[in-house]
Amino acid sequence: MIKQFFSIRYILVRLWITFLMGKKVKSGPFRGTVLKRNTNLNLFYSKLLGIYEKELHPILSQVLCQNYNQIVIVGTAEGYYFSGFLRNSKCNAIIGFEIDHSLRSICNETAELNNCSKTFQISGACTIEEISSSLTNNDFIFMDCEGGELELLNPKCVSQLYGCEILVECHDIFKEGISKSIINRFNSSLSVSRIEARISTYHDIPFLPKFLLKFLRHTIIGIITERPVGMHWLHLVPKNRL
């Protein structure tokens, strides 16, 4: 009975959020970006509310204002970041890589909904050869590729990396020492900072109706929970741009 009650409550909150928010991101750097509904409900609602990976918002807000040659996203998934950059950044060229065909299709459809006459391209798996041939010396790279960052972020094979700003989610849970290896590779040329993941709270969504926050607080937190604490990102910026 309790399980059924909470299942109904979760469904009602999702319906309320969908009704109130529509299909556009409500807040954050990607506010106004149109999303295509996907099967990962919890992540979808975090993205729709605009609080997904809120730890990165200060960096993303700065990125949107910069004049990069292009933005390269490795691991586009269904296109939240890809379309967010496509719609909101000053950069006119966006390149994406996604190994999963179904996610790549959704990403392409979402990009079409948000494109304002910019050039974009979405390809399959990203290899060291692909990234080497794609990069210039003034790109922004956003990377979330489940451990593939260890292979791809290798300046000995891709020298252009020294001139790029990089934001990468590190997956040391898959292979110990990934973060340390990346830091050691770039420490002499790029400034490296670490951003820790945190648990979302209802304070992150003050724009929802007060009655929802008051009576369904714990249900909402359950819906927007993203990942366990311990995940982190590295932000790398060429020292000559600081």
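Everything numeric in this text was worked out from a predicted model, so none of it was measured. (Residues numbered from 1 in each chain as written. Predicted model: local features only at pLDDT ≥ 70, side-chain atom pairs only at ≥ 80, totals over all residues. Heavy atoms only, no water.)

**Describing the nonpolar core**
So, point 1. Judged by nonpolar contacts, the single largest core of 34 residues is most densely connected at Tyr81, Phe82, Phe85 and Leu167.
So, point 2. The set of elements that each furnish at least two residues to this core consists of helix 2 (41-49), helix 3 (57-63), strand 1 (70-74), helix 4 (80-88), helix 5 (101-114), strand 3 (119-123) and strand 4 (139-143).
So, point 3. Among the elements that line this core, the one with the most residues is helix 4, at 5 residues.
So, point 4. Those residues in contact with Phe82 that sit more than four places away from it in its chain are Ile73, Thr76, Ile94, Ile95, Gly96, Cys107, Ala111, Phe120, Gln121 and Ile122. (Core = buried A, V, L, I, M, F, W, Y, C linked by side-chain atoms within 4.5 Å. Buried < 20%, exposed > 50% of the residue type's maximum accessible area, 1.4 Å probe, protein only. Helix = DSSP H or I, 4+ residues; strand = E, 2+ residues; numbered from the N terminus. Contact = heavy atoms within 4.5 Å.)

**Focus: the pairing of strand 3**
So, point 1. As paired elements, strand 2 (residues 93-97) and strand 3 share 5 bridges and run parallel to each other. Looking across to strand 3, one finds that Ala93 is bridged to Thr119.
So, point 2. Remark: the strand 2/helix 5/strand 3 crossover connection has right-handed handedness. (Pairing = 2+ DSSP bridges. Right-handed = clockwise from strand over helix to strand, strands pointing away.)

**Here we look at the packing of helix 4 against helix 5**
So, point 1. Put simply, helix 4 and helix 5 touch, their axes get as near as 9 Å, and they point 20° apart. One element, helix 4, and the other, helix 5, form an angle in the roughly parallel class. Both helix 4 and helix 5 take part in a crossing whose hand is right-handed. Contacts between helix 4 and helix 5 involve Phe82, Ser83, Leu86 and Arg87 from the first element and Cys107, Thr110, Ala111 and Asn114 from the second.
So, point 2. Among the residues making up the contact of helix 4 with helix 5, the classes are represented as 4 nonpolar, 3 polar and 1 charged. (Axes fitted to C-alpha atoms, helices over the stretch in contact; angles between N-to-C directions. Parallel < 35°, antiparallel > 145°, perpendicular 65-115°, else oblique. Left-handed = near helix turned anticlockwise from the far one by under 90°. Nonpolar A, V, L, I, M, F, W, Y, C, P; charged D, E, K, R; others polar.)

**Notes on helix 5**
So, point 1. If you check helix 5, its first and last C-alpha atoms are 20 Å apart, about what 14 residues at 1.5 Å a residue would give, namely 20 Å.
So, point 2. The inward-facing, buried residues of helix 5 abut helix 4 and strand 3. (Expected span 1.5 Å × (residues − 1).)

**Here we look at the sheet that holds strand 2**
Pairing between the strands of a sheet is mediated by backbone hydrogen bonds and can be parallel or antiparallel.
So, point 1. Spatial strand order, 3-2-1-4-5-7-6: 7 strands in an open sheet with mixed pairing. In this open sheet, the two strands that pair with only one neighbour each are strand 3 and strand 6 (190-196). Pairwise comparison of adjacent strand axes, ignoring direction, gives a mean angle of 15° for this sheet.
So, point 2. Pairing between strand 1 and strand 4: 5 bridges, direction parallel. By the bridge assignment, Val74 is partnered in strand 4 with Met143.
So, point 3. Here helix 4 sits on the sheet and contacts strand 1, strand 2, strand 3 and strand 4; the angle it forms with strand 2, its principal contact strand, is near 175°.
So, point 4. Packing of helix 8 (residues 178-186) onto the sheet brings it into contact with strand 5 (165-170), strand 6 and strand 7 (232-238), and relative to strand 7 it is tilted by some 5°.

**Looking at unusual backbone geometry**
Negative phi values dominate among residues other than glycine, just as trans dominates among peptide bonds.
So, point 1. Its identity is not glycine, yet Glu53 carries a phi of approximately 45°, on the positive side.
So, point 2. With respect to the helices and strands, Glu53 occurs in the loop between helix 2 and helix 3.
So, point 3. Non-glycine residue Glu146 carries a positive phi angle of around 50°.
So, point 4. Looking at the secondary structure, you find Glu146 in the loop between strand 4 and helix 7 (149-152).

**A look at the side chain of Ser179**
So, point 1. Along the chain, the position of Ser179 falls in helix 8.
So, point 2. For Ser179, a relative accessible area of 3% corresponds to the buried category.
So, point 3. Within the local environment of Ser179, its side chain forms a polar contact with the side chain of Asp172, the two groups lying 2.6 Å apart.
So, point 4. Non-local contacts of Ser179, meaning those with residues more than four positions away in its chain, are made with Cys170, Asp172, His232 and Leu234. (Polar contact = N/O pair within 3.5 Å; in protein donor to acceptor, adjacent residues only side chain to side chain.)

**Details of the packing of aromatic side chains**
So, point 1. Under the counting rule described, the total for this entry stands at 14 aromatic pairs.
So, point 2. Geometrically, the ring pair formed by Tyr52 and Tyr81 is tilted, given 6.1 Å between the ring centres and 50° between the ring planes. Residue Tyr52 is found in the loop between helix 2 and helix 3, and its partner Tyr81 is found in helix 4; the two are separated by 29 residues along the sequence.
So, point 3. By relative accessible area, Tyr52 is classed as buried at 8%. (Phe/Tyr/Trp six-rings, centres within 6.5 Å; stacked < 30°, edge-to-face > 60°.)

From the geometry alone we can't say anything about function, so treat these as descriptive.
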